[in-house]
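Next come the chains, spelled out residue by residue.
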Amino acid sequence: MIDIWTIVRFLHVLGAIIWVGGQLTITIVVLPPVRRMLSADDRAGMLRTVGKRFAIITMAVFLPNQVTTGVLLAWQHGVTWATLLQPGYGRILAAKLLLFTLVMVAAALHGIAQARHQPGKARAASITALVGSLGVILLATALAESTAH
């Protein structure tokens, strides 16, 4: 039976799919042909436009969804500041939250570098955010495994 916690968990996972899937789609599917087909100026303009749309979706939908559903799921599991220091679920969740925060900082730095026309810094921040996002997914998987036992 589907209860409210199943829906909350679904929305949390769906948000992660959209965020990480969007990053992977842009990096693996969109960027290679864009680099071959467009001039440097056209490429930069197109990527800034895509980045702005991705940032709007992130700020308007992704972050509110992830924070709200994440807090609710933590509350359901009885997480407190003290339990974040305990081995197992608490430490894995603490590591996930820390890495998620770093990913959001890297994403913000990417946007700033793009706005300042600093492609090298933007690329480094983008790669950092993507690798960090994959790390968040890995920790989320470990988190789910720790509650299964």
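These numbers come from a predicted model, not from an experiment.

Asks: Mind showing me how you'd approach helix H1 (residues 4–37) here?
Replies: An α-helix turns once every 3.6 residues. As a result, residues three or four positions apart point the same way. Along its 34 residues, H1 runs 47 Å from first to last C-alpha, staying within 8% of the 50 Å computed at 1.5 Å per residue. Along its length, H1 reaches its greatest deviation from straightness, about 45°, at Val30, and the proline Pro32 lies no more than four positions downstream. Taken together, the buried positions of H1 are Trp5, Val8, His12, Gly15, Ala16, Trp19, Val20, Gly22, Gln23, Leu31 and Val34. Where H1 starts, the residue carrying a side-chain oxygen 3.2 Å from the main-chain nitrogen of Trp5 turns out to be Asp3.

Asks: I keep staring at the UniProt feature "transmembrane region" (unreviewed entry) in the protein and nothing clicks. Help me out?
Replies: In this numbering, the UniProt entry assigns the feature "transmembrane region" (unreviewed entry) to residues 12–34, 54–76, 88–112 and 124–144. The span residues 124–144 is 100% helical and 0% strand by assignment, and the distance between its end C-alpha atoms comes to 30 Å.

Asks: Whenever I open this one, unusual backbone geometry confuses me. Can you help?
Replies: With glycine set apart, most residues show a phi of negative sign, and most peptide bonds adopt trans. The phi dihedral of His117 falls on the positive side, at around 60°, and the residue is not glycine. Within the secondary structure layout, His117 lies in the loop between helix H3 (89–115) and helix H4 (119–148).

Asks: Hey, could you run me through a nonpolar patch on the surface in this one?
Replies: A cluster of nonpolar side chains, contributed by Ile2, Ile4, Ile7, Phe10, Leu11, Val13, Leu14, Ile17, Ile18, Ile57 and Val61, occupies part of the molecular surface with about 1000 Å² of accessible area. Secondary-structure elements contributing two or more residues to the nonpolar patch are H1 and helix H2 (40–76). Residue contributions to the nonpolar patch peak at eight residues, all from H1.

Asks: Would you mind showing me how to read the side chain of Gln23 here?
Replies: Along the chain, Gln23 turns up in helix H1. A residue is classified by how much of its surface remains accessible, and Gln23, at 9% relative accessible area, is buried.

Asks: Is there a simple way to explain the packing of H2 against H3 in this structure?
Replies: Two packed helices can be described by the angle between their axes and the distance between those axes. Closest axis-to-axis distance for the H2/H3 pair is 11 Å, and the angle between their directions is 150°. By the criterion of interaxial angle, the relationship of H2 to H3 is roughly antiparallel. For the pair H2 and H3, the sense of crossing is left-handed. Seen from H2, the contacting residues are Leu47, Arg48, Phe62, Leu63 and Gln66; seen from H3, they are Phe100, Met104 and Gln114. Of the residues in the contact of H2 with H3, the class split is five nonpolar, two polar and one charged.

Asks: Could you clarify how one ought to interpret the environment of Ala55 in this entry?
Replies: The residue Ala55 is located in helix H2 in this model. Using a relative accessible area of 38% as the deciding quantity, one classes Ala55 as partly exposed. A sequence separation of 52 residues divides Ala55 from Ala107, and the C-alpha atoms of the two residues are 8.6 Å apart.

How each quantity is defined
- Residues numbered from 1 in each chain as written.
- Predicted model: local features only at pLDDT ≥ 70, side-chain atom pairs only at ≥ 80, totals over all residues.
- Heavy atoms only, no water.
- Helix = DSSP H or I, 4+ residues; strand = E, 2+ residues; numbered from the N terminus.
- Expected span 1.5 Å × (residues − 1).
- Bend = angle between axes of the 7 residues up to and from the residue.
- Buried < 20%, exposed > 50% of the residue type's maximum accessible area, 1.4 Å probe, protein only.
- Polar contact = N/O pair within 3.5 Å; in protein donor to acceptor, adjacent residues only side chain to side chain.
- UniProt positions renumbered as here; feature names shortened; annotations may be inferred.
- Patch = residues over 30% accessible without salt bridge, like charges linked within 9 Å, V, L, I, M, F, W, Y side chains within 5 Å.
- Areas by Shrake-Rupley, 256 points an atom, 1.4 Å probe, with all protein chains shown as cover.
- Salt bridge = Lys/Arg side-chain N within 4 Å of Asp/Glu carboxyl O.
- Axes fitted to C-alpha atoms, helices over the stretch in contact; angles between N-to-C directions.
- Parallel < 35°, antiparallel > 145°, perpendicular 65-115°, else oblique.
- Left-handed = near helix turned anticlockwise from the far one by under 90°.
- Contact = heavy atoms within 4.5 Å.
- Nonpolar A, V, L, I, M, F, W, Y, C, P; charged D, E, K, R; others polar.

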